[in-house]
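Each chain is listed here by its residues.
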Amino acid sequence: MNVTSFGDLAQTLLLRSRTTTLKNSIKTMTDELASGQVSNVSARLGGDFGYLADIDNSLIRLQSYTVAGNEAGLFLSSTQSRLELVQENVSELSDSLMSAVPTNLASVQDQLVAQASGRLETVIATLNGSIAGQSIFAGVSTDAIPLESAETLLNALRTELTGQTTAADVRAAAQAWFDDPAGFKATMYTGSDDPLEPIEVGPGERVSMTVRADDQVFRDVMMNFALTALVSDPTLALGHGVRNDIMLEAGIELLGVQDNLSSLRGAIGFTEARVEDAQVRNSAAKTSLESSRTTLLEADPFDTAIRLEDAQFRLESLYSVTVRTSQLSLVNFLR
Amino acid sequence: MSLSTALNAALSGLMASGRAASLTSDNIANASTPGYGRRALEVSSQLLGSGVKVNGVTRHADPVLIANRRVAEADQAAASAVSSFYTRLTSAVGSASDPYSIASRLSSFEGSLIEASSRPDSAIRLDQIAVDAVSLATALNDASDAVQEMRSDADRQIGTLVEDLNASLSELQVVNSRITSSTLRGASVTSLMDRRQQIVDKINAIVPVNVVAREHNQIAVYSEGGAILLDGSAATIGFSASNTLVPSMTIDNGNVSGLTINGFSVRTDSVGGALRGGSLGAAFQIRDELGVAAQTDLDVVARDLIERYETPGLDPTVAANAPGLFTDMGNAFDPALEVGLSGRIQVNVAVDPNGDNETWRLRDGLGAAGPGPIGNAAQLNAFREVLTVERTLASGDFGTGTMAAADVGTALISRVNQRANNAENTLTYANTILHEMSEIELSQSVDTDLELQNLLRIEQAYAANARMIEVVDDLMERLLRI
């Protein structure tokens, strides 16, 4: 007998599998709605994670660059403010010297000597400064204090200048000592000969900070200050005219030094501006990468909510159909 | 005479109705039994005399529908196994949006190098580099271990499946011969055939089969790959399980077992294997193809990392062939020992937080005699730059172009996730097909409404035949009273 019938098990299978599918789909869409991100990232990206991984990689690196940039900026601004202090001292001493010299009054001379001595100490203290535990002017030995005390400098220079009588000789001897690696550098400088490595503050952007306490410009400052401080030293016993000559020449030299300091400060300022630009660029890049990432993985909440509601409705309909069909059996109608 | 023929006919009708009723109750009782073939009564009229003759019981089972469903079921079992392998591999390796993926850990390592080069004097930043490096090496180790664990699981599972297969085949042989002997005796074999169908279904999930009918209700069973599993007598499948698998144990070098059928070795690969296509084939595929490929990919990433840090001149304090920042268990890289490298990659013990913890060496060189100037960022910059160098990979199949370290990490993640995605799609497709085929097959199963309709007719027929007997009895009695 060939009767077309539809087996019970087929009906059950159909209802069961449809229920499971709908429940899974509701669960996925609830996840997507709650997290705002699509659940099946693979399907969204077509299996190629290159772009997304690149974004993530760049974001992590930008974060590190931001930290490095902040630290470089801090270092540079500290450098700049110390250079400003040094320049101030230089200009003030220079002004004093130029206006007061030549003088015959011992008191004026003494006052200038005292000023020079005091300012020398200030300059050395400034160059010995550090920021966040790093010495600024000591090269790679950022844990070292680059310069010995003003006292050491004056003592060493005094020894060196003993016996010189004319202004020219004194000056030449001092210059020789300051230029000699076995002289100033060996006695006074305790930092490193290697400058700091350039710091990377952005992709491919490096800034270098290579100012050291034994640079020519600082040596010039210290030499002129030290010479002025030693003019009335009893050990040297320099003549009255010699003292005036030395002080006048120091004052003139310091005018030239001021120019050098200005150009150094200009260079530091330029580097500071570069660091700031890099930071701005990094911040903009970060924002745009984050927004690309969100767009890439975003699950539109309105669309998801509509589909979720639709699935819920279908599940409810399926439940009521299941109940009804289970009641549709011939058994119920036989007596 | 005509009265007695009437009586005989009625009696035969009663008997037929009784048989029909028992079949109907059998059907209704087994309405939910999977593998049950709906019984129907074959009747014909008597050749000599009158009445109804019961020819036998037919079992409704459409072999084409069953074969289709079996194909779908085997595919689904295989797809499911492959998909779980990839799901597990993806969780070991990570996906792109996962902050602990291998690619992300590599990026973090690079980031900590950048931050340390800004403050080389900071011990905390140097320690962070070491921590990130260890985290990266550990991720590779864990991924490699996961792959080998999955291979070991697959090997174990092959052992279990082969045991099940052998047991099912011998049971099948027994049932098959009983069916034949019962058929020859003329007894009913429908329940035995139900049982036989169930056994073949069980075998099919392990190895997809083709069933060929032989005479006297016997069957012969062949695998899709062409091996004879049962033809008269059952084949015996041989396999020896290994305990734990390590990367160097592959089927090519004979360190793991293949299959034998009746003592002869057979191929086990997914293209030409004799028992391919079902969960057994999938387990072999995982152990010998997918697992090995995944291990190779991980090893390529590990190799790239180690080789970058063994670049000559990168660290002047380290000798030419000495180990660099990443080592192969403390040794320099040896191309002959590439297999399993990702399970052995470690951070150099000198800077490892769990080793000597001399993280100042990251700044001053791994072989330096003592700490150098603390503001020196040159070596840190060099360590960082070597990650961005574009180089060609000497092994693996990530491509022939040049790649930076980050690209290699991304390629690994992309590949694993893409394969996982494909496997999932295949599984979804296989599930859908299986569902459809099952539904079609089950539409031939017992329909209780139909059985109840039959029951109504049987009731009526029985009542009519009984009435017939009553009437004939009555007539005979009247005759005897004459």
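Residues numbered from 1 in each chain as written. Chains lettered and ligands numbered in written order. Predicted model: local features only at pLDDT ≥ 70, side-chain atom pairs only at ≥ 80, totals over all residues. Heavy atoms only, no water.

In this section: the overall build of chain B. Summing up its helical and strand segments, chain B has 11 helices and 13 strands in all. Taking all 482 residues of chain B together, the buried fraction comes to 49%. Counted over contacts in chain B with a minimum sequence separation of 6, partners at least 24 positions apart contribute 64%. Of the accessible surface of chain B, which amounts to about 21,500 Å², a share of 54% is contributed by carbon and sulfur atoms. Considering chain B, the positive charge centre built from 35 side chains and the negative charge centre built from 57 side chains are found 9 Å apart. (Helix = DSSP H or I, 4+ residues; strand = E, 2+ residues; numbered from the N terminus. Buried < 20%, exposed > 50% of the residue type's maximum accessible area, 1.4 Å probe, protein only. Contact = heavy atoms within 4.5 Å. Areas by Shrake-Rupley, 256 points an atom, 1.4 Å probe, with all protein chains shown as cover. Lys, Arg positive; Asp, Glu negative; His and termini not counted. Charge placed at Lys NZ, Arg CZ, Asp CG, Glu CD.)

Confidence along chain B averages 92 in pLDDT terms, with 100% of residues attaining 70 or more. Prediction confidence for the complex, expressed as pTM and ipTM, is 0.87 and 0.85 respectively. (pLDDT = per-residue confidence, 0-100.)

With that settled, consider the side chain of Arg219(A). Residue and element names in this part refer to chain A. Mapped onto the secondary structure, Arg 219 falls in helix α8 (residues 216-230). At 2.9 Å, the side chain of Arg 219 forms a polar contact with the side chain of Gln 216. Once you skip the residues sitting within four places of it in the chain, Arg 219 turns out to touch Phe 178, Asp 179, Phe 184 and Asp 214. (Polar contact = N/O pair within 3.5 Å; in protein donor to acceptor, adjacent residues only side chain to side chain.)

Residue and element names in this part refer to chain B. Spatial ordering of the open sheet is given by β3-β4-β5-β6, a layout of four strands whose pairing is antiparallel. Only two strands of the sheet have a single neighbouring strand rather than two, namely β3 (209-213) and β6 (233-234). Summarising the sheet, strand β4 (residues 219-223) and strand β5 (residues 228-231) pair through two bridges and their orientation is antiparallel. Note that in β5 the partner of Tyr 222 across the bridge is Ile 228. (Pairing = 2+ DSSP bridges.)

Attention now moves to the sheet that holds strand β8 (residues 259-261) of chain B. Hydrogen bonds between backbone groups are what pair the strands of a sheet, and the pairing can be parallel or antiparallel. Residues and elements named next belong to chain B. Here three strands make up an open sheet; going across it, the order is β7-β8-β9 and the pairing antiparallel. Where the open sheet ends on each side, the last strands, each with one partner, are β7 (237-238) and β9 (264-266). Sheet analysis places β8 next to β9, joined by three bridges and oriented antiparallel. By the bridge assignment for β9, Leu 259 is matched with Val 266.

Quick look at the interface of chain B and chain A now. Contacts between chain B and chain A engage 50 residues on the former and 52 residues on the latter. Residue Glu71(A) is joined to Arg125(B) by a salt bridge in which the shortest nitrogen-to-oxygen separation is 2.4 Å. Remark: the boundary between chain B and chain A carries 19 residue pairs in polar contact (both at pLDDT 80 or more). Of all elements in the fold, only α3 (102-118), α9 (378-385), α10 (405-442) and α11 (448-480) of chain B reach the threshold of two or more residues within the side of chain B that touches chain A. Here the side of chain B that touches chain A gets 12 residues from one element, more than from any other, and that element is α10(B). (Salt bridge = Lys/Arg side-chain N within 4 Å of Asp/Glu carboxyl O.)

Glancing now at the pairing of strand β1 (residues 38-45) of chain B. Of the pairings in the sheet, the one linking β1(B) to strand β2 (residues 52-60) of chain B comprises eight bridges and is antiparallel in character. Bridging from a neighbouring strand, Ser45(B) pairs with Val52(B) of β2(B).

Next up on the list: the pattern of salt bridges. All names here are of chain B. Enumeration according to the criterion identifies 47 salt bridges over all chains in this entry. The salt bridge partner of Arg 119 is Asp 121, with a shortest N-O separation of 2.9 Å. A single burial state applies to Arg 119 and to Asp 121, both of which are buried. Among the ionic pairs, Asp 304 bridges to Arg 308, the shortest N-O distance being 3.0 Å. Highlighted residues: Asp 304 and Arg 308, both in helix α6 (residues 279-308), separated by four residues, approximately one helical turn. Side by side, Asp 304 and Arg 308 carry an identical accessibility label, which is buried.

Residues and elements named next belong to chain A. Tracing the chain through its elements places Glu 32 in helix α1 (residues 8-35). This buried residue, Glu 32, is left without a salt bridge; Arg 307 holds the nearest opposite charge, at 4.0 Å. A distance of 3.3 Å separates the side chain of Glu 32 from the backbone nitrogen of Ser 39, its partner in a polar contact. The residues contacting Glu 32, other than those within four sequence positions of it, are Gln 37, Val 38, Ser 39, Ala 299, Thr 304 and Arg 307.

Another aspect to go through is the packing of aromatic side chains. We describe a pair of aromatic rings using the distance from one ring centre to the other and the angle between the two ring planes. One pass over the full model with this rule turns up 10 aromatic pairs over all chains. On the numbers, 5.2 Å between centres and 90° between planes, the contact of Trp177(A) with Phe178(A) is edge-to-face. As far as burial versus exposure is concerned, Trp177(A) and Phe178(A) are alike and both buried. Considering the side-chain rings of Phe109(B) and Phe326(B), the 5.7 Å spacing of their centres and the 75° angle between planes classify their relative orientation as edge-to-face. Of the two residues, Phe109(B) is situated in helix α3 and Phe326(B) in strand β10 (residues 326-328); the sequence distance between them amounts to 217 residues. Each member of the pair, Phe109(B) as well as Phe326(B), carries the same accessibility label: buried. An aromatic cluster of at least three residues, connected via ring pairs, comprises Phe109(B), Tyr309(B), Phe326(B) and Phe383(B). (Phe/Tyr/Trp six-rings, centres within 6.5 Å; stacked < 30°, edge-to-face > 60°.)

Okay, the layout of surface pockets next. Estimates place the volume of the largest pocket at around 1,200 Å³. Contributing to the lining of the largest pocket are 34 residues, with Asn24(A), Thr28(A), Asn40(A), Glu424(B) and Thr428(B) lying nearest its centre. Counting only elements with at least two residues in the lining of the largest pocket, the list comes to α1 and α2 (41-45) of chain A together with α2 (63-93) and α10 of chain B. Counting residues per element, the lining of the largest pocket draws most heavily on α10(B), at 12 residues. In terms of residue class, the lining of the largest pocket is built from seven nonpolar, 22 polar and five charged. (1 Å grid on protein atoms, 1.4 Å probe; cavity = no way out; pocket = protein on both sides within 12 Å on 5 of 7 lines; lining within 4 Å. Points joined across faces, edges and corners; volume = space filled by probe spheres on them. Nonpolar A, V, L, I, M, F, W, Y, C, P; charged D, E, K, R; others polar.)

Residues and elements named next belong to chain B. A positive phi angle is found at His 216, which is not glycine, with a value near 55°. Within the secondary structure, His 216 is located in the loop between β3 and β4. One non-glycine residue with positive phi stands out, namely Asn 262, at about 55°. With respect to the helices, strands and loops of the structure, Asn 262 is situated in the loop between β8 and β9.

Turning to empty space enclosed by the protein, a few remarks are in order. Here the structure, examined in full by the defined rule, presents seven cavities of 30 Å³ or more. If you add up the space inside the largest cavity, you get close to 100 Å³. Considering the residues around the largest cavity, the lining is formed by 13 residues, among which Ala53(A), Asp56(A), Ala103(B), Ser104(B) and Ser107(B) are closest to the centre. Of all the secondary structure elements, the ones that give two or more residues to the lining of the largest cavity are α3 (50-100) of chain A together with α3 and α10 of chain B. For the lining of the largest cavity, the element with the highest residue contribution is α3(A), accounting for four residues. Broken down by class, the residue content of the lining of the largest cavity amounts to six nonpolar, six polar and one charged.

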